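# Working through the structure, step by step
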Amino acid sequence: MISMEDELRQRLALLEPETVIVHDDSAAHAGHAGAQGGAHFDVTIVAQAFAGLGKVARHRKVYALVADLMPARIHALSIKALTPEEL
């Protein structure tokens with residue numbers, strides 16, 4: 001079984017990103033009620049696929065690729081989605 005971080009990277013690869021950074025932030029959320037059902041992740045993704053899209057549309061593209069993982073395996077996902085020109 002692959003790690004959840006690697007699963008996220010594989011799925012986000014469909015956007016042909018230049019950069020994908022996945023950080024498991026679950027330890028910082030241990031103990032709160034929502035932390036029982038899944039992990040917390042911060043994702044930074046840089047892809048041309050986000051060109052011309054607003055923040056909500058970018059997040060929808062990411063969520064569409066991982067929706068089946070939520071909320072069981074992923075409880076929370078923080079997304080920073082940029083185009084290469086925005087770096």
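Here's what I pulled together on the structure shown here. The shown structure was predicted, so the numbers you read here are calculated from the model rather than taken from an experiment.

## Focus: helix α2 (residues 55-66)
Helix length check: α2, at 12 residues, gives a terminal C-alpha distance of 17 Å against a target of 16 Å (1.5 Å per residue), a fit within 8%. Among all positions in α2, only Arg58, His59, Val62 and Val66 are buried. Looking straight down α2, one finds its buried side chains confined to an arc of 95 degrees; they lie on one side. Across from the buried face of α2, at angles greater than 90 degrees, the exposed residues are Val56, Arg60 and Ala64. Those residues of α2 that are buried are in contact with α1 (4-12), β2 (39-46) and β3 (74-82).

## Some points on the pattern of salt bridges
Across all of its chains, the model carries 4 salt bridges by this definition. Note that Asp6 is salt-bridged to Arg9, the shortest N-O span being 3.0 Å. Here Arg9 and Asp6 lie together in helix α1, a separation of 3 residues that amounts to about one turn. Linking Asp68 and Arg11 is a salt bridge whose minimum nitrogen-to-oxygen distance equals 2.5 Å. Of the two residues, Asp68 sits in the loop between α2 and β3 while Arg11 sits in helix α1, which places them 57 residues apart along the sequence.

Cut-off values and rules
Residues numbered from 1 in each chain as written. Predicted model: local features only at pLDDT ≥ 70, side-chain atom pairs only at ≥ 80, totals over all residues. Heavy atoms only, no water. Helix = DSSP H or I, 4+ residues; strand = E, 2+ residues; numbered from the N terminus. Expected span 1.5 Å × (residues − 1). Buried < 20%, exposed > 50% of the residue type's maximum accessible area, 1.4 Å probe, protein only. Arc of directions from axis to C-beta. Contact = heavy atoms within 4.5 Å. Salt bridge = Lys/Arg side-chain N within 4 Å of Asp/Glu carboxyl O.

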